[in-house]
Structures are given as structure tokens and as C-alpha cells.
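Tertiary structure, described
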Amino acid sequence: MTAPLLRARGLALAFGGVRAADGVDLDIAEGEILAIIGPNGAGKTTFINMATGYLRPQSGRILFGGDDITGLAPRAIVRRGIARSFQIPQLFSEQTVIENVALKVAARRGFWRAFTPLLDSATAGEAMRLLERFGLAALATARASELNEGARKLTDVAMAMALEPKLLLMDEPTSGVASAEKFAIMDTLVAALRARGTTAVFVEHDMEVVERYADRVAVWSQGRILASGPPGDILADPAVLREVIGVERAHAGA
Amino acid sequence: MVAVGLTLIFGVLRVLNVAHGSFFAIGAYTAASLGAAIGAAGLAPALALPALLVASAVVGALLGPLVERLLLARIYDKEQVLQLLVTFALFMILEDVQKLLWGVQPIFQDAPVRSLGQVAVGDIVYTAYQLYLLPGLALAVLIGLMWFLRRTLTGRLIVAVTEDREAAIALGINADRVYLVTFTFGVALAALGGALASPTTSLVPGIGVNMIVLSFAVVATAGLGQIEGAALTALLIGLGRSVAVYFAPEFEVVIPYLIMVAVLLVRPHGLFGRPQLRRV
Amino acid sequence: MAVGVRLAAVGGAVGVLAAAALAPWLKFVLTVALAKGLAVMGILLLLRAGQVSFGHALYMAIGAYTVAFLRPAVSELLVLVGAAAAVALSVGVAIGLFVARYRDIFFGMLNLAFSMVFHSLLEKLYAITKGTDGIRVLRPTIAGLALDRVPYEWTVLGFSLAAALGLGWLAARFLLSPVGQALAAIKTRETRLEFAGLSARNVLLVAYAASAALGGLAGGLVACTTLHVTPHLAYWTQSGELVFIAILGGGGSIVGPYLGAIVYELVRVYAAAALPDAWQMVLGAVLLGIILFASRGLWGLYEDLLVRRRARA
């Protein structure tokens, strides 16, 4: 069996009295698409924050490709090949959509040049292709602050993809997107991921999306992983149904 | 004390008031004027002491609300840069207002100091003012402030808004009123600091600048928003300066900044500060 | 680069030369204004990242004093001014390594602190700096020639204009480059920049170092124009002036700093003579007015004018 791309062991983090992570053990295999589900406050975003260096776990370790990345700064972790998108889109609000994506493209390669424009033909071309893939091409010159929530979400994900990461962590990539478009977006996203062999993890509340796109599902509850396995098994498991999906059904319609 | 006022304002309003130094200077000048007026009226010099307190109260009560309502209220939701610039502009205006009202010649009004006499400790002669009154009053004010912040309702409201503004508003606390009160307090503290310092030094245009840079150094060293820490740090820095005066007088002015840089190199958020984590 | 900017730059240059030809006593004021414009361009770079330094007079003073100290040994204008920029750049990098970790008020005030310390040193170390008397600078030579006053002043004006145009063009390109664009990202979403694998500190450091070099160049030019350097160059009011000009001119375009500087210097020379003690108050009030009502400065007003004219056409 090949070594997992990401391995988390015994992660624990508490904020005051709240145990956001209470002994998280998780292996993520290379090339797989893992969905993380669970009620709000279960610690899903906290896990992503720890894996990307934004938060430091109080105990436990995270290994990426065999290297210990626990407690490293976000910059170092990004350089190693992990990228993320955010629950609340984090865009450079005064700049245009294409500038936002182009900055990430440039960050990946060729950033430190001072007198040639950011949007030179190579960078602009690559950014544009990415925008097209996400259906954002028409909005390329719109200011990030003027977009609707769905477009902001997509730009956020596109920005993360621009880094061509080995592992992509997405925090609710389709929330805020109109239901009719969710599948179209996920189709494109997953196709792009599969084409590059990018490993992906996404936090999701919509069980249909989970069922359709995830290779594996991990269920979070109160800072720990309750269960993990293929979507078919997990979504039928009575414990999961009771603990999580009973609560989930209330959210999925939102 | 000035530094504490500054921290108070920043902690609650999140506006670093560059003009704070001006309030200090104005407090100082006002106190001097009052003192001179008392002297000229032939009243007992001992009355000059309470005059100091009155001066600062007046300055605080008048300028505080005025500035807050007219200026600050407009810029709360603007970018940090703009807020900084607005208080900076205010500072420039007040510096000239000082010059207009009190002129450019140095003013020296030390009646309150003289009226208390001197005290000898070892071979060093201090004025009773320096040794007892100033520290005593400062301590009293600070203890009073701490009691106020911890025990009274208004005080607790201020602390609540400092710790978590959004939560406080969600709980129905009238943020506007808290801001007004806090700012006025902060200004009064600065003016009090100025008033208390005025009898010990000659007043010239420019004491405001020195004060704002110095108090900022204190606030930065202590950590933004740390009210008690600011008081402690001010003390530490004051001690540092006294030591420097003893050993290397030319560099006495530089000491606070050296201390600030040294502290920030080791602890970027200040001695007592806590880093503010943004939620993503 | 926008057509409006190019036109304004060329028009401005022609205007400056014409004014200097028509009113010879303006050469001095215009040269100083252009020099300050250079320094203010540095402030502009930092403003793009949402940061304002209240202590950039430090670099102008460093530049000026470098010229003053070197003059006895070196007489060539270009060398002197180049050295001024180089020394200021080195100091800027050293201080920047520390200061670029901070934001907002910390950034502003740390810079102020450094400049005031330097000011104290300049005043107190009389043996080296001649204190508040200052140091006289002998007129530098141009390509080896010792010119008379009038041709010299023309040369310095010409050089300042060339520097303003050349460095302005360079700065405009810089702002369009990835590093320059990242400055705006620091202002809006610094964390995301870190999540792109970039060091915000380093990006800001580049801008800071550039602004220090620009300040040093400006200080050197001022020294070569006024031929006298004093500690006052490092005083906080000088830093405040730079910030004021930045806001007056407007942060939207590279032309802003120069527009602001020229207007400011002209008004200052004539109005300050009339109101010596109320000067700062007026400045502060105008600054407030601009921030509250015309936040894009003079250049912003000019842009609005253009838009309105085009709409009517």
C-alpha cells in the first residue's frame, strides 16, 4: 500500500473550553477525493486551518508526503503543495477577478519581477484559461468586491487551483452557489482535479454532492472523526444518520 | 498616564489617536494659565494644586466630546490609514492652536512645585512634588481607573467592548455612548498628565510631539489594548530614562525608543499583548 | 499607462520649464517641489499597501547629510546625489527589515520614532553635524565644470525633472508588476497573500526600500539646491508635509505626488509668509477637508473633470 499523502495523528486543539479538535486521526490517499461532513462547530474548518498552518495544534502531528508539517507557517506549507479555498471567500477586494487569479499564478512562478506587468501574456493567458474553466471568463475585469456570492466562491476556488497544488482543501466550495449550478461546477472542478491527479478534500453540507463526487467520506463530530468510508456505506450508517445527517438535512436545503 | 489614556482609546475605538499628544500639551498649557491666573489674583499658591486637576477636567470635558462627535464618529468605518491621517491632521491643527493661544515663548509656571518645598534623600535633593505628589496622584488615578474598569458598570462595558466589540454590540451595548465616554476619559487622562507635568518643565511648542512619540513607544512596548500593562511599561521606561540621565545624559531621549525596538524584536506584540487572530 | 497620465506628465514638464523661463526666481521652488514629489512617490508606494509612514523625512535628511558630508571630497552632482540615494537605500533596507513586519499605527509611529531619534542625533552631535547651525554645501560641479548660479540652477532643475519623469515611469511600471500589485493585496487581504506562499513582509520591504532610496535622492537634490542642510530636515513636520502632499495630490496616479508637491510648494512659499504661526493649522484643516470630502486628491478632481467633459461631449 502506498503511503498516504497526508497523515494526521492525534490532533488536538482547544479554544477556551471548546475542543475544536479532540484526537483527529486521518489518512488521505494520493489522488482521492475526500468529503468531510458534520454539523457546524464539529471542527471541520479547524482541521483545514491546522493542515494549512493557520492554526497550530496543541498536540498531534501532521505529515505531508512523509514530512512533518505540524506548526509550519502557511507560506511554507503552501510552498510544499497544499492550497485551500475559504468558507468566506478571501479575495483581494480592490482588484479585478483576473488580477486575483493572476497574482496566485505569479506566486507559483515568476513573482519576483519588478518592471514587467502582472498581466503579461503568459500569466494573463493562464489566468484566463482558469477563469474559463470555472465559467468566470465574462467577469474577468469585474472588481472582486462587486461580485455576487457564487462568483466570489468560484474565484476563491480558482485562486487556490492556480497554485497547482498536490493537495487542495476546500471549505464548502458550493455553498452560496445556486443549486442548478452546483453540479456543473463540481463536474468541472472534479474533472480538473482528476486530470492532474490532484488530491482533494472538501467540506460539504449538500449530501447529493457528497454522494456524487466523493471517493470517501469522513464524518466529523465534536472534534473527532466518527466514521469514514465510501459514500454508500457512510450515508446509510444509522449512527451517522442520527448524529450528523439528521442535523444535516436541516442545512442542506439552505 | 498619558499612555494609559492612549491605550484606552485604542483598545475601545481601535483608533490610534495621534492627536493625543496635543491633549497633553493643551492640558499642560491650560494648567499653567490657570496657575498664572491664580497667582495674578493674589490667591494662595497652594490653590494652584487643585487648579491642575480642574484644568485637566475642563480640557477633557470640552475637547473630548467635541472631537469625538465631530471627527471620529465619521471615520470609524473607514480604512485604518484614513483614521490615522485624520488624527494626524487634527494634531497639526492643535499644534498651531496652541501657538496661537499661548505663543511661542517658553512658559514656566512652577508655583505648585515651589509651594510644596523640597525633600532630601541621601545626597539628592528632590522637590516634594516630584517625590510625593506626582507619583502619588498618578498612582491614585491609576488605581481609581482600574477599580472603575473592574467594578463599575460603565467600566465593565468599556472592557467588554475592548475585548470583543461585535459581541458587545450584539448584546445590545450602546457602542456609540461607550466610544464617547472612553474617548473623553482618554483625553482627560492625557490632559491630566499634561497638567501634572506642567509645573516641572518649561512649556514650549513641541512638547506635544515628544509626548505622542513617547506615549506611543510605551503603548507599543506594552502591547496595544493592554491598559494596565501600559501603566507598568510607562514606569519601566521612566526608570530607564532616569538611569540613562545618570550614566549617559545625551542619549536619555533615545532610551524609550531603544527599549521599544528591543522589546518588539523579541515580542512583536508587546510585553503584555495578545495577537489578534482573524477568523477565516 | 493611461493616456491622461502621459499627457499630464508631458504637459506638466513643459509647464515647469516654461514657468522657470518666464519667472527665473521660480526655479528654486520648482526644483524643491520636484524633489519632494520624488519622496512623495515613495510614500505613495507605501500607501498602496495601506500603510503610511510618519517618518520618511528621515531618508530625506540622510540623503541631504550624505551630500553635505561628501561634498568636501566629491564635487560632482550626479555622484553626490547617487550616493545620497544609495546610503538612504541601505538604511532603508536595515530599518525596513524590522519595520515591514508591522502594520497601521505601528508602522506609522515606528517610522516617526526613528526619524525623531535621528533628528535628536543631528542636533546633539555638534562635533560632527554642527547641530542646528547646519552644514553649508558648496555648489557641486556638473560634468567637472563649476557653473555660475543661473546655469547651475537650470541644470539641477533639468535633472530633477528628468528624474521625476524617468523614475515616475519606472514607478508606474512597478505598480503594475506582480510585486506592485501584491502591495494592494497587503492592504485588502494580507493573509491570502501568505496562503499564496508569498511573504508579505518581503513585498512591503521592497516598497519600503524603494521609498527610502527615493527619499534619499530627494534629500540629496534638496541639499544641492538649497546648499545648506540642517537637522530640521528630519523633524516630524517634514514627514507630515510629505504625507500631506501625498493626500493632496491623490494616490490614484503617479502624477499625483508631483501635482501635489508643486501646488503645495507654491502655496507654502507665498501663504506661509502671510501666516507664519497659523500655517500648520491651515494645513491640517485642508488635509481633513480632503480626506472627508475629496479623498482622491487633486488628481482625483482632475479625473472627475475629464469624465464630466467626456460625458457632455
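Structure first, text after, so check above.
Residues numbered from 1 in each chain as written. Chains lettered and ligands numbered in written order. Predicted model: local features only at pLDDT ≥ 70, side-chain atom pairs only at ≥ 80, totals over all residues. Heavy atoms only, no water.

**Concerning the overall build of chain A**
Note the following rule: A helix here means a DSSP run of H or I that spans at least four residues, while a strand means a run of E at least two residues long, and both kinds are numbered starting from the N terminus. The quantity called the radius of gyration is restricted to C-alpha atoms. Its globule counterpart is 2.2 Å times the number of residues to the power 0.38. Exposed residues in this analysis have more than 50% of their type's maximum accessible area, buried residues have under 20%, and partly exposed residues fall in between, with area computed by a 1.4 Å probe over protein chains only. The contact criterion used is simple: two residues touch if any of their non-hydrogen atoms lie within 4.5 Å. What sets the accessible areas is the Shrake-Rupley method with a 1.4 Å probe; for residues, cover comes only from the shown protein chains. Think of it this way: Lys and Arg go in the positive column, Asp and Glu in the negative one, and His and the chain ends go nowhere. Charged groups are reduced to one reference atom each: NZ for lysine, CZ for arginine, CG for aspartic acid, CD for glutamic acid.
Looking only at helices and strands, one finds nine helices and 10 strands in chain A. The C-alpha atoms of chain A give a radius of gyration of 18 Å, which matches the 18 Å a tight globule of 254 residues would have. The C-alpha extent of chain A, read off along each of the three principal axes, is 55 × 40 × 40 Å. Here chain A, with 254 residues, has 56% of them falling under the buried criterion. Long-range pairs, those at least 24 residues apart, make up 66% of the contacts in chain A with a sequence separation of at least 6. Roughly 10500 Å² of accessible area belongs to chain A as shown, and the carbon and sulfur atoms make up 51% of that amount. For chain A, the separation between the mean place of its 28 positive charges and that of its 29 negative charges on side chains is 6 Å.

**Topic: the overall build of chain B**
When you go through chain B residue by residue, the secondary structure sums to 12 helices and two strands. The helix and strand sequence of chain B, counted from the amino end, reads α-α-α-α-α-β-β-α-α-α-α-α-α-α. Every one of the 280 residues in chain B was classed for burial, and the buried ones make up 51%. Counting every atom, chain B has about 12800 Å² of accessible surface; 66% of that belongs to carbon and sulfur.

**Some details on the sheet that holds strand S5 (residues 67-68) of chain A**
All names here are of chain A. How we decide: Strands were regarded as paired on the criterion that DSSP finds at least two bridges between them. Working convention: axes come from line fits to C-alpha atoms, limited for helices to the stretch in contact. Angles between N-to-C directions cover 0 to 180 degrees.
Spatial strand order, S2-S1-S4-S5: four strands in an open sheet with antiparallel pairing. Of all strands in the sheet, those bounded by a partner on one side alone are strand S2 (18-28) and S5. Here strand S4 (residues 59-64) runs beside S5; their pairing, made up of two bridges, is antiparallel. Counterpart to Phe 64 in the pairing with S5 is Asp 67. This element, helix H1 (residues 44-51), spans strand S1 (6-15), S2 and S4 of the sheet and lies at about 115° to S1.

**Considerations on the packing of aromatic side chains**
The following threshold applies: Centres within 6.5 Å are what make two rings of Phe, Tyr or Trp a pair, Trp counting through its six-membered ring; a difference in plane orientation under 30 degrees is then read as stacked, over 60 as edge-to-face, and the rest as tilted.
Considering all chains together, one arrives at 12 aromatic pairs over all chains under this definition. Seen in terms of ring centroids, Phe 86 of chain A and Phe 195 of chain C are 5.4 Å apart; in terms of plane orientation they differ by 75°. Their pairing is edge-to-face. Taken together, the residues Phe 86 of chain A in the loop between strand S6 (82-85) and helix H3 (97-108) and Phe 195 of chain C in the loop between helix H8 (178-194) and helix H9 (200-226) connect one chain to another. Per residue, the accessibility class of Phe 86 of chain A equals that of Phe 195 of chain C, and both read buried.

**Considering the nonpolar core**
Which entries qualify depends on this criterion: We define a nonpolar core as any set of buried Ala, Val, Leu, Ile, Met, Phe, Trp, Tyr and Cys residues linked to one another through side-chain atoms lying within 4.5 Å.
Residues Leu 6, Phe 47, Val 101, Phe 134 and Phe 202 of chain A together with Leu 38 and Val 229 of chain C are the most contacted members of the largest nonpolar core, which totals 209 residues. Per-element accounting of this core gives the leading share, 14 residues, to H9 of chain C. Excluding residues that lie within four positions of it along the chain, Phe 47 of chain A makes contacts with Leu 6, Ala 8, Leu 11, Val 24, Leu 26, Ile 36 and Trp 220 of chain A.

**Digging into the environment of Thr 96 of chain A**
Residues and elements named next belong to chain A. Tracing the backbone through its elements, the reader meets Thr 96 in the loop between S6 and H3. The class for Thr 96 is buried, based on a relative accessible area of 15%. With 48 residues separating them along the chain, Thr 96 and Ala 144 place their C-alpha atoms 5.4 Å apart. Thr 96 has contacts with Ala 140, Thr 141, Ala 142, Arg 143 and Ala 144, leaving out every residue within four places of it along the chain.

**Considerations on the environment of Thr 141 of chain A**
When you line up the elements, Thr 141 of chain A lands in the loop between helix H4 (121-133) and helix H5 (149-161). Linking Thr 141 of chain A and Ile 98 of chain A, residues 43 residues apart in sequence, is a C-alpha distance of 6.4 Å.

**A closer look at the packing of helix H4 (residues 77-99) of chain C against H9 of chain C**
Residue and element names in this part refer to chain C. Spelled out, the test is: For a crossing to be left-handed, the near helix must be turned anticlockwise from the far one by less than a right angle; the clockwise case is right-handed. Any residue that is not Ala, Val, Leu, Ile, Met, Phe, Trp, Tyr, Cys, Pro, Asp, Glu, Lys or Arg is counted as polar, Gly included; the first ten are nonpolar and the last four charged.
One can describe the packing of H4 onto H9 by two numbers: an axis separation of 7 Å at closest approach and a directional angle of 145°. For the element pair H4 and H9, the recorded crossing hand is right-handed. Touching Leu 77, Val 81, Ala 84, Ala 85, Ala 88, Leu 89, Gly 92, Val 93, Ile 95, Gly 96, Leu 97 and Val 99 of H4 are Arg 201, Leu 205, Tyr 208, Ala 209, Ala 212, Ala 213, Gly 216, Leu 217, Gly 220, Leu 221 and Cys 224, all from H9. Residues of the contact of H4 with H9, tallied by class, amount to 18 nonpolar, four polar and one charged.

**Regarding a nonpolar patch on the surface**
Applied cut-off: Residues enter patches when their relative accessible area tops 30% and they take part in no salt bridge; the joining distance is 9 Å for like charges and 5 Å for the nonpolar side chains Val, Leu, Ile, Met, Phe, Trp and Tyr. A pairing counts as a salt bridge when a side-chain nitrogen of Lys or Arg comes within 4 Å of a carboxyl oxygen of Asp or Glu.
A cluster of nonpolar residues, Phe 115 of chain A together with Trp 169 and Leu 170 of chain C, forms a patch on the protein surface that exposes about 280 Å² of accessible area. Note that Leu 170 of chain C resides in helix H7 (residues 149-176). In this structure Leu 170 of chain C comes out as partly exposed when scored by relative accessible area, which is 30%.

**As for the sheet that holds strand S10 (residues 224-229) of chain A**
Residue and element names in this part refer to chain A. Strand order in the open sheet made by the six strands is S6-S7-S8-S3-S9-S10, with mixed pairing throughout. On the outer flanks of this sheet lie S6 and S10, each paired with one strand and no other. The mean inter-strand angle of the sheet, taken between neighbouring strand axes irrespective of direction, is 20°. Where strand S3 (residues 33-37) and strand S8 (residues 199-203) come together, four bridges link them in parallel fashion. Note that in S8 the partner of Ile 33 across the bridge is Ala 200. Taken strand by strand, H1 contacts S3, S6, strand S7 (167-171), S8 and strand S9 (216-221), and its axis lies near 145° from that of S7.

**Here's the deal with the pattern of salt bridges**
Residues and elements named next belong to chain A. All chains considered together, the criterion is met by 21 salt bridges over all chains. With its nearest N and O atoms 3.5 Å apart, the salt bridge here joins Asp 22 to Arg 19. Of the residues examined, Arg 19 reaches a relative accessible area of 53% and is grouped as exposed. Counted as one network, the salt bridges with shared partners bring together Arg 108, Arg 109, Glu 126, Glu 164 and Arg 196.

**Re H5 of chain A**
Here is the rule: Expected helix span is given by 1.5 Å per residue-to-residue step, counting one fewer step than there are residues. Contacts described as polar in this section are N or O atom pairs within 3.5 Å, which, within protein, must combine one atom able to donate a hydrogen with one able to accept it, while residues neighboring in sequence count only if both atoms come from side chains.
Helix length check: H5 of chain A (13 residues) gives 19 Å between terminal C-alpha atoms against 18 Å at 1.5 Å per residue, within 8%. With 12 of 13 residues buried, H5 of chain A is to be regarded as a mostly interior element. The complete set of buried residues in H5 of chain A reads Gly 150, Ala 151, Arg 152, Lys 153, Leu 154, Thr 155, Asp 156, Val 157, Ala 158, Met 159, Ala 160 and Met 161 of chain A. At its buried positions, H5 of chain A is contacted by S6, H3, H4, S7 and helix H6 (179-196) of chain A together with H8 of chain C. The N-capping residue of H5 of chain A, defined by a side-chain oxygen 2.8 Å from the backbone nitrogen of Ala 151 of chain A, is Asn 148 of chain A.

**Description of unusual backbone geometry**
Residue and element names in this part refer to chain A. Backbone geometry places Glu 164, a non-glycine residue, at a positive phi of 45°. Even without being glycine, Gln 222 reaches a positive phi, approximately 50°. In this structure, Gln 222 sits in the loop between S9 and S10. Residue classification places Gln 222 among the exposed positions, given a relative accessible area of 64%.

**Some words on the pairing of S10 of chain A**
All names here are of chain A. Here S9 runs beside S10; their pairing, made up of five bridges, is antiparallel. Paired with Val 219 across the strands is Ala 227, a residue of S10. What sits between the antiparallel neighbours S9 and S10 is a turn of two residues, in which Gln 222 has the positive phi angle 50°.

**Considerations on the pairing of S8 of chain A**
All names here are of chain A. For clarity, the cut-off: When the strands point away from the viewer, a crossover counts as right-handed if the path from the first strand over the helix to the second runs clockwise.
For S8, the tally of buried residues reaches five of five residues, placing the bulk of the element in the interior. Where burial is concerned, the two faces of S8 agree: the one with Thr 199, Val 201 and Val 203 and the one with Ala 200 and Phe 202 are both buried. Note: S7 against S8, five bridges, orientation parallel. Following the sheet pairing, Asp 171 is matched in S8 by Val 203. Each parallel crossover has a hand, and for S7 linked through H6 to S8 it is right-handed.

**Quick look at helix H2 (residues 26-48) of chain C**
Residue and element names in this part refer to chain C. Its 23 residues place the ends of H2 32 Å apart at the C-alpha level, agreeing with the 33 Å of an ideal helix rising 1.5 Å per residue. Within H2, 21 of the 23 residues are buried, which leaves it mostly tucked inside the rest of the structure. Downstream of H2 by one or two residues, Gly 50 has phi in the positive range, about 80°.

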